[in-house]
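Here is what each chain is made of, one letter per residue.
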Amino acid sequence: MTGSLELPRCLLVAHQGPEDREEFIEDHLEELGELARSCGYSVMSRHRLKRSQVASKTFYGSGQLEALASEARRSGCMLLICDDELTGSQVNAIEKITGLKCMDRTGLILNIFEQRAQTREAKAQVELARCEYELPRLKGQWTHLERQGGGVGLRGGPGETQIEVDRRMLRTRISQLKRELEHLETVRETQRQGRPKGLPRVALVGYTNAGKTTLLKALTGEGEPQDLLFATLDTTTRKAWLGADFNPETGEGDPTPKHALVADTVGFIRKLPHQLVAAFRSTLGEVRTADALLVVADASHPEVEDHLKVVGQTLREIGCMDDGDLAQPRLLVLNQIDKLPRPKRLDLKRRHPMAVHAVAVEGLGLDEIREWLRELIPGPMPARALEWWELPNGQPPRAVGQE
Ligand SMILES: Nc1nc2c(ncn2[C@@H]2O[C@H](COP(=O)(O)OP(=O)(O)OP(=O)(O)O)[C@@H](O)[C@H]2O)c(=O)[nH]1
Ligand SMILES: [Mg+2]
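Residues numbered from 1 in each chain as written. Chains lettered and ligands numbered in written order. Predicted model: local features only at pLDDT ≥ 70, side-chain atom pairs only at ≥ 80, totals over all residues. Heavy atoms only, no water.

Caption draft 1: View of the site of ligand 1. Around ligand 1, the surrounding shell holds 23 residues, and the nearest of these are Lys212, Thr213, Thr214, Ala231 and Asp338. One of the side-chain N or O atoms of Thr208 is found 2.8 Å from an oxygen atom in ligand 1. For ligand 1, whose unbound accessible area comes to 660 Å², protein coverage reaches 88%. The cavity that encloses ligand 1 is the second largest pocket. Counting residues per element, the shell around ligand 1 draws most heavily on helix H8 (residues 212-220), which supplies 3 residues. (Near = heavy atom within 4 Å. Polar contact = N/O pair within 3.5 Å; in protein donor to acceptor, adjacent residues only side chain to side chain. Areas by Shrake-Rupley, 256 points an atom, 1.4 Å probe, with all protein chains shown as cover. 1 Å grid on protein atoms, 1.4 Å probe; cavity = no way out; pocket = protein on both sides within 12 Å on 5 of 7 lines; lining within 4 Å. Sits in = over half its atoms within 2 Å of the grid points. Helix = DSSP H or I, 4+ residues; strand = E, 2+ residues; numbered from the N terminus.)

Caption draft 2: Representation of the layout of surface pockets in the model. Reported here for the second largest pocket is a volume of approximately 690 Å³. As for the second largest pocket, its lining consists of 36 residues, and the residues nearest its centre are Thr208, Asn209, Ala210, Asp227 and Gln336. Listing elements by their share of the lining of the second largest pocket, those giving two or more residues are helix H1 (22-38) and H8. Element by element, the count of residues in the lining of the second largest pocket is highest for H1, at 5 residues. Its residues placed into classes, the lining of the second largest pocket shows 11 nonpolar, 13 polar and 12 charged. Both domain 1 (9-112) and domain 3 (196-374) contribute no fewer than three residues apiece to the lining of the second largest pocket. (Points joined across faces, edges and corners; volume = space filled by probe spheres on them. Nonpolar A, V, L, I, M, F, W, Y, C, P; charged D, E, K, R; others polar. Domains from an automatic or database assignment.)

Caption draft 3: Representation of the pairing of strand E11 (residues 330-335) in the model. Counting buried residues along E11, 5 of its 6 residues qualify, which places the element largely inside the surrounding structure. Where strand E10 (residues 292-298) and E11 come together, 6 bridges link them in parallel fashion. Residue pairing in the sheet places Val295 in a bridge with Leu332 of E11. Note: E11 against strand E12 (residues 356-357), 2 bridges, orientation parallel. What sits directly across from Val333, in E12, is Val356. (Buried < 20%, exposed > 50% of the residue type's maximum accessible area, 1.4 Å probe, protein only. Pairing = 2+ DSSP bridges.)

Caption draft 4: Seen up close, empty space enclosed by the protein. In this structure the tally under the stated criterion is 2 cavities of 30 Å³ or more. By volume, the largest cavity is sized at about 50 Å³. For the largest cavity, the full set of lining residues is Phe113, Val266, Gly267, Phe268, Leu272, Leu276, Val277, Phe280 and Leu284. Here the lining of the largest cavity is built from residues that sort into 8 nonpolar, 1 polar and no charged. Taken as a whole, the second largest cavity encloses approximately 40 Å³ of empty space. Around the second largest cavity sit Arg195, Arg201, Val202, Ala203, Thr237, Leu261, Ala263, Glu286 and Ala290, which together line it. Mapped by element, the contributors of at least two residues to the lining of the second largest cavity are strand E5 (201-206) and strand E9 (258-264). Per-element accounting of the lining of the second largest cavity gives the leading share, 3 residues, to E5. Residue composition of the lining of the second largest cavity, grouped by class: 5 nonpolar, 1 polar and 3 charged.

Quick look at the structure:
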């Protein structure tokens, strides 16, 4: 693996417990590499650190960390990115042993979101998540500050005072941000009320980089797809033309074209920091209140089934139930099938018979999606072929083997 010279270099590490499959951890590291690339780092190497139990102080073994430090020196890295969620004191301990700067997966995802946030709402949501993330981590700095205070080590020493001040400032900022977001949510709700009535509202959801924005563009003509994780942070709602259920030859159906409002949303990822999920509640409100969901997946990804599980789990986390009457209608769009050989497509068809196969970049599968969306709109039922029992002389179809 080579990295470009201009970008800051990093090493990636992940813990592998006795129960963890090797390919599974490799895939996590692959994804962590994508995240690092999205954040502007150059990945020099990836390491699976096997250990039956995590060490409470340093998370990884100290020998493992020392080996990493010399690897980092050899390849000119200053940064260690860990796939595991670490506490503030674990980060400090790792930094001390390795002499490298250490960042965990949550910190990396937060960095990406900070780089991408454009609108006031996205910025406030990301800052809220950052503050929530830093609050329990101030503890790590406490020891550091206390040491600086000449080893006073007593309650009320300079370190403790400093941490109290930091905590208070963070808490004040968190309350301000929450108030601001509540206000923005009211604005959003008013906008929602003001949207044309009678149009179904559909949200595009799915794992990051699956092709949601590409599908938005194909359906509505607007959107800027990018080959980057978390390219989209803000919800964009656009009107899509759905065509009509009308047969010009027989004159059956309704010739009036139908429309829907389609919202593009922030992508999901495994171990999506819960602080971010909580902070993005208002943006993700578009998903909760949508009349239907188009669940977009990158069918060519080797871990697509795992991605779908993450999407299901995140939808539950934001308050969309996926069983019983509470669930909105959902259509699974297996996108990017142009990258799959035919046997793999057939296998997918077997595993997800109700899903639509699509190539959003080429507009393939759009007709089926539009047809499904049209059915959400109350109105004349589309024409259908009569079944045998409805026909005057209809006969039930013969069972196989009766011919
Ligand atoms: N080959 C192929 N590439 C596609 C297809 N759909 C999307 N892509 C590419 O996949 C990449 C990601 O597409 P986006 O639409 O930005 O994905 P997204 O789900 O909106 O991603 P985030 O907003 O980052 O979560 C882009 O480079 C697209 O051109 C497809 O059907 N086939
Ligand atoms: Mg997008």
